[in-house]
Each structure stands twice: as structure tokens, then as C-alpha cells.
Amino acid sequence: MRWLALGALVLGVLSMEARVHACSCMRQSPEEAIAAAEALFEASVTAVSDNTKTDFRGRAVTLAVGRVWKGVEGSEVTAITASSSAACGYPFQVGESYLVYGYRSRAGDLHVSLCSHTKRIDDAKADLKLLGKPKPASTTKSKKADKGEGGCSAVPAEAPAGSGLALVLMALAIARVRRQPALPRSLRR
């Protein structure tokens, strides 16, 4: 019984500090994603590196811009994404082409996430059909204000509230019950 109490105590203490990061995305139809994106363009990845230029950190992805529907100008842009998919980072691969749905930070940086609806160009046939022809370059600049990260959040997901504390209290209660003397037979029911 002591080992059971000790095991419950150890599990309780360990679970009190357990945190797991997970990406959670709002579901969007292609039409909703197109309307919400501040930048929407086709591009191929020329480089992926650690992002050291913004407070966000993560990865900096250099993109050679092809067709543009809205929000970018020029032949090359840098997009920022989280370092891992658990934090909603998009897994860009050098040499691959993508239909990129981007969002601007308050500082104006272009952000892309797993939740932004970005996809490999080979998987974007339905989106491309909805988009139609790209816009002329002079009308592609986005006029929208900051909209966040495209319905994405990477938040710590904790064990159920109080589960660690409950295990610790259970272990203490078991230990206390084991230490109490047994009642005399005359007082037992």
C-alpha cells in the first residue's frame, strides 16, 4: 500500500508540470480563407532559415513570387512561420511551389501558418479555380489592417485542472488511512 501511495504521489507531482503545445485551427472553407487572407499568391521556396529579425522568431521562408491575387508586390518576399507544426508552423520545403495565404503582423511582417490554408500548388486546384485570374500588379497590395494569424492558435494544453493535485491528495489520504489504528471490534459495525 505504501508503494501505491508513493507511486500516486510521484505521478501527481510529475503531472503538475506537464504541458503540451498543440496547434489548433478554426475550420475555414476555401472561400472564407480567400476572403480572410491579406496576401494570396503562388510562390516557390528558395530558402528556409532561422528567423532572427523579429520577436516572433520561428523560421524565415524566402519565396520567389509567381502569380499574385492580393497583398504582395515584387518578385521575392519573406514569410515567417513557427519552427514546428505543434506551434502551427507550416512545413515549407525548398524547391517546392505553394499557394500561399498570408497574414500581416502589426509590424507588417508576412506570417503563414498551418491554419492559413496554404498548400502545395499541386493540391490547390480547387482554390485556383475559385481564385480565377491573378490581379494586375498595381492592385495587389492589401489594404486590410492586422487580422492576426489566420485563425490559428498554439496554446499550452494542460492536463485537466487539478489532476496533479488530486493525485497528491489521494496519495496523502492513503498514507494517512494506513497509519490510523484499527477500531476495536466493539466499535465496528
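Residues numbered from 1 in each chain as written. Predicted model: local features only at pLDDT ≥ 70, side-chain atom pairs only at ≥ 80, totals over all residues. Heavy atoms only, no water.

**Here we look at the state of the cysteines**
Phase 1: Scanning the model with the defined rule gives two disulfides in all.
Phase 2: The residue that forms a disulfide with cysteine 23 is cysteine 88, at a sulfur-sulfur distance of 2.1 Å. Residues cysteine 23 and cysteine 88 are joined through a disulfide that is right-handed, its torsion about the S-S bond being 105°. Residue cysteine 23 is located in strand β1 (residues 19–25), and its partner cysteine 88 is located in the loop between β4 (76–81) and β5 (97–104); the two are separated by 65 residues in the primary sequence.
Phase 3: For cysteine 88, a relative accessible area of 1% puts it in the buried group.
Phase 4: For cysteine 25, the disulfide goes to cysteine 115, at an S-S distance of 1.9 Å. The disulfide joining cysteine 25 to cysteine 115 has a torsion of about -70° about its S-S bond and is therefore left-handed. (Disulfide = S-S within 2.5 Å. Helix = DSSP H or I, 4+ residues; strand = E, 2+ residues; numbered from the N terminus. Buried < 20%, exposed > 50% of the residue type's maximum accessible area, 1.4 Å probe, protein only.)

**A look at the packing of aromatic side chains**
Phase 1: What the rule picks out here adds up to three aromatic pairs.
Phase 2: Taking 4.7 Å as the distance between ring centres and 55° as the angle between the ring planes, the aromatic pair formed by tyrosine 90 and phenylalanine 92 counts as tilted. Grouping residues by exposure puts tyrosine 90 and phenylalanine 92 together as buried.
Phase 3: With a centroid separation of 5.0 Å and an interplanar angle of 80°, the aromatic rings of phenylalanine 92 and tyrosine 98 are classed as edge-to-face.
Phase 4: The class for tyrosine 98 is buried, based on a relative accessible area of 2%.
Phase 5: Three or more aromatic residues joined by ring pairs form one cluster here, namely Tyr90, Phe92 and Tyr98. (Phe/Tyr/Trp six-rings, centres within 6.5 Å; stacked < 30°, edge-to-face > 60°.)

**So, the pattern of salt bridges**
Phase 1: Throughout the structure, instances matching the rule amount to six salt bridges.
Phase 2: Put simply, aspartate 123 and arginine 120 hold a salt bridge, and the shortest N to O gap is 3.7 Å. (Salt bridge = Lys/Arg side-chain N within 4 Å of Asp/Glu carboxyl O.)

**Quick word on the confidence of the model for the protein chain**
Phase 1: Looking at the protein chain, the pLDDT average stands at 76 and 60% of residues meet or exceed 70.
Phase 2: Between the elements of the protein chain, mean pLDDT differs from a low of 44, seen in strand β8 (residues 152–158), to a high of 97, seen in β5.
Phase 3: Predicted confidence is poor over residues 16–20, with pLDDT under 50, and the contacts of this stretch with residues over four places away or in other chains come to 11 contacts.
Phase 4: For the stretch residues 153–163, pLDDT sits under 50, and the model shows 21 contacts to residues farther than four places along the chain or on other chains. (pLDDT = per-residue confidence, 0-100. Contact = heavy atoms within 4.5 Å.)

**Let's talk about the environment of alanine 43**
Phase 1: As for its placement among the helices and strands, alanine 43 is situated in strand β2 (residues 39–50).
Phase 2: For alanine 43, a relative accessible area of 3% puts it in the buried group.
Phase 3: Here the alpha-carbon distance between alanine 43 and glycine 66, two residues 23 residues apart in the chain, equals 5.2 Å.
Phase 4: In contact with alanine 43, other than residues within four places in its own chain, are Leu63, Ala64, Val65, Gly66, Glu96, Ser97 and Tyr98.

**Some points on unusual backbone geometry**
Phase 1: For cysteine 88, which is not a glycine, the phi torsion comes out positive at approximately 75°.
Phase 2: With a phi angle near 85°, histidine 117 is a residue other than glycine that sits in the positive phi range.

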